[in-house]
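# Topology and contacts: notes
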Amino acid sequence: MIDLRSDTVTRPSDAMREAARTAEVGDDVYGEDPTVNELEARAAEAVGMEAALYVPTGTMGNQVAARTHTDRGQEVLCERESHIYKWELAGLAQHSALQARTIDGGPRGTITPEDIDAGHVATDGHRAGTGLLALENTHNSKGGVAIPAEAIDAAAEAAHDLDVPVHVDGARVFNASVALDTPAPRLLESVDSVLFCLSKGLGAPVGSMLAGSAAFVERARRHRKLLGGGMRQAGIIAAPGIEALSNVDRLETDHANAKTLAAGLDGIGGVTAAEPDTNIVVAGTESPAEAFVDAIAEEGVRASAFGDYRVRFCTHWDVDEDDIEEAVAGVRRAVA
Ligand SMILES: *Cc1c(COP(=O)(O)O)cnc(C)c1O
């Protein structure tokens, strides 16, 4: 079975398992786990922020960020198909009493200064006020779209002009960085916080990082505790995360494999796939997505239904060029 449902399906490397086995640990709720402390320091450096916080999942990182940046009842400006809005169980409302105001970022999921000016709500006797702008890079639902630094800067400047802080859901921000050939710190230079996943293309078994200013991270640490994310000898899982930080360059391989996959799929009658920016290929199908996914599974290929006639394929380090060729052949058999 070639599993292209997500880049989260990878198994940890031997180096990661060994790192976990030998990790020095302590109680991280007391700030005494040296491995977690090292991971947080290295993660902050990797994204050019002052400090970082280890969180169990990307979802928790985004939710803690939203809670930390805002007051109850404020609005969050976010893209209509963004993860923080669409895939986190309405957590903005459930955890932080926030109201989302969504923006259609078009086929590339990009929020412009004009969108922000139009969507911004001032605080007055009737209106809650905008408390946060949440961006996403790469944009998952739009097909792993890498949003360039200039677009992020422009959006951040527009938000900051309105005194609105900016969070980036950068679950795959290193994919964006590699695809755009822009260092992650440059990509994030103008924003206030970023969430990134260790558990996706970087290959760690678990964990994400939320980074920002030291003051932001100090407050975020309390909100992580509130959501039940204060972990004890977490060095055991943080150690593979440190290993994962050295896997940034290999994302290039996933991107090349995704391009090969898209070209192969697009060559099959009844399937369309545009060249992807990064490691996510969203294919259009003639048959309903659920039926398509079931049919290709019969041929040894797993993908995710991603809309009525859209199917998502993700490349990752557990699949190589040969697997991609085999996957295309499997899809061709299923469609025929
Ligand atoms: C996967 C993902 C998340 C959440 O990560 P989990 O660790 O699965 O909770 C957040 N944002 C985006 C864009 C993602 O793709």
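Check the entry above for the structure.
All of the points below concern the structure found in this document. (Residues numbered from 1 in each chain as written. Predicted model: local features only at pLDDT ≥ 70, side-chain atom pairs only at ≥ 80, totals over all residues. Heavy atoms only, no water.)

## With respect to the side chain of Ser-304
For Ser-304, the location among the structural elements is in strand E12 (residues 304-305). Within the local environment of Ser-304, its side chain forms a polar contact with the backbone oxygen of Arg-5, the two atoms lying 3.1 Å apart. Discounting chain neighbours no more than four positions away, the residues touching Ser-304 are Arg-5, Val-293, Arg-310, Val-311 and Arg-312. (Helix = DSSP H or I, 4+ residues; strand = E, 2+ residues; numbered from the N terminus. Polar contact = N/O pair within 3.5 Å; in protein donor to acceptor, adjacent residues only side chain to side chain. Contact = heavy atoms within 4.5 Å.)

## Notes on the sheet that holds strand E8 (residues 208-212)
As summarised here, the arrangement of the 7 strands in space is E2-E8-E7-E6-E5-E3-E4, forming an open sheet in which the pairing is mixed. For this open sheet the edge positions go to strand E2 (51-55) and strand E4 (99-103), each flanked by a neighbour on one side alone. Direction aside, the axes of adjacent strands within the sheet are offset by 20° on average. Note that strand E3 (residues 75-79) and strand E5 (residues 130-136) share 4 bridges and pair parallel. Bridging across to E5, Cys-78 finds its partner in Ala-134. Contacting E5 and strand E6 (166-169), helix H7 (residues 149-161) crosses the sheet at an angle of about 175° to E5. (Pairing = 2+ DSSP bridges. Axes fitted to C-alpha atoms, helices over the stretch in contact; angles between N-to-C directions.)

## What to know about the nonpolar core
Formed by 50 residues in total, the largest nonpolar core has its most connected members in Tyr-54, Leu-133, Phe-174, Leu-188, Phe-196 and Leu-198. No other element matches the 6 residues that H7 contributes to this core. In this view, Phe-196 contacts Ala-43, Val-47, Gly-170, Ala-171, Val-173, Phe-174, Ser-208, Met-209 and Leu-245; residues no more than four positions away in its chain are not counted. Counting residues in hydrophobic clusters, the runner-up holds 24 residues, among them Ile-296, Val-311, Ile-324 and Val-331. (Core = buried A, V, L, I, M, F, W, Y, C linked by side-chain atoms within 4.5 Å. Buried < 20%, exposed > 50% of the residue type's maximum accessible area, 1.4 Å probe, protein only.)

## Overview of the site of the ligand
Contacts to the ligand come from 13 residues, most closely from Gly-58, Thr-59, Asp-169, Arg-172 and Lys-200. In this structure, Asn-140 approaches the ligand through a side-chain N or O atom, which is 3.1 Å from an oxygen atom. Within the side chain of Asp-169, a nitrogen or oxygen atom sits 2.6 Å from a nitrogen atom of the ligand. For the shell around the ligand, the element with the most residues is helix H3 (residues 58-69), which contributes 3 residues. (Near = heavy atom within 4 Å.)

## Focus on the sheet that holds strand E9 (residues 271-273)
Read across the sheet, 4 strands follow the order E9-E10-E13-E12 without closing on themselves; strand pairing throughout is antiparallel. At either end of the open sheet lies a strand with only one pairing partner, and these are E9 and E12. Where E9 lies against strand E10 (residues 280-285), 3 bridges are found, and the strand directions are antiparallel. Bridging from a neighbouring strand, Val-271 pairs with Thr-285 of E10. The strands that helix H12 (residues 251-266) touches are E9, E10 and strand E13 (310-314); relative to E9, the one it contacts most, it runs at about 150°.

## Let's talk about the pattern of salt bridges
As enumerated under the stated definition, the model contains 16 salt bridges in all. Across the pair Arg-21 and Glu-18 runs a salt bridge, and its minimum N-O distance is 3.0 Å. Of the two residues, Arg-21 and Glu-18 are both situated in helix H1 (residues 14-22); the distance of 3 residues between them amounts to about one turn of the helix. The closest approach of N and O atoms between Asp-124 and Arg-127, which form a salt bridge, is 3.4 Å. Taking the relative accessible area as the measure of exposure, Asp-124 reaches 39% and is therefore partly exposed. With a relative accessible area of 43%, Arg-127 lands in the partly exposed category. Taken together, the shared-partner salt bridges connect Asp-153, Arg-186 and Glu-189 into one network. (Salt bridge = Lys/Arg side-chain N within 4 Å of Asp/Glu carboxyl O.)

## Considering the layout of surface pockets
Approximately 160 Å³ is the volume attributed to the largest pocket. Tallied by class, residues from the lining of the largest pocket come to 7 nonpolar, 2 polar and 4 charged. Formed jointly, the lining of the largest pocket draws a minimum of three residues from each of two domains, domain 1 (14-246) and domain 2 (252-335). (1 Å grid on protein atoms, 1.4 Å probe; cavity = no way out; pocket = protein on both sides within 12 Å on 5 of 7 lines; lining within 4 Å. Points joined across faces, edges and corners; volume = space filled by probe spheres on them. Nonpolar A, V, L, I, M, F, W, Y, C, P; charged D, E, K, R; others polar. Domains from an automatic or database assignment.)

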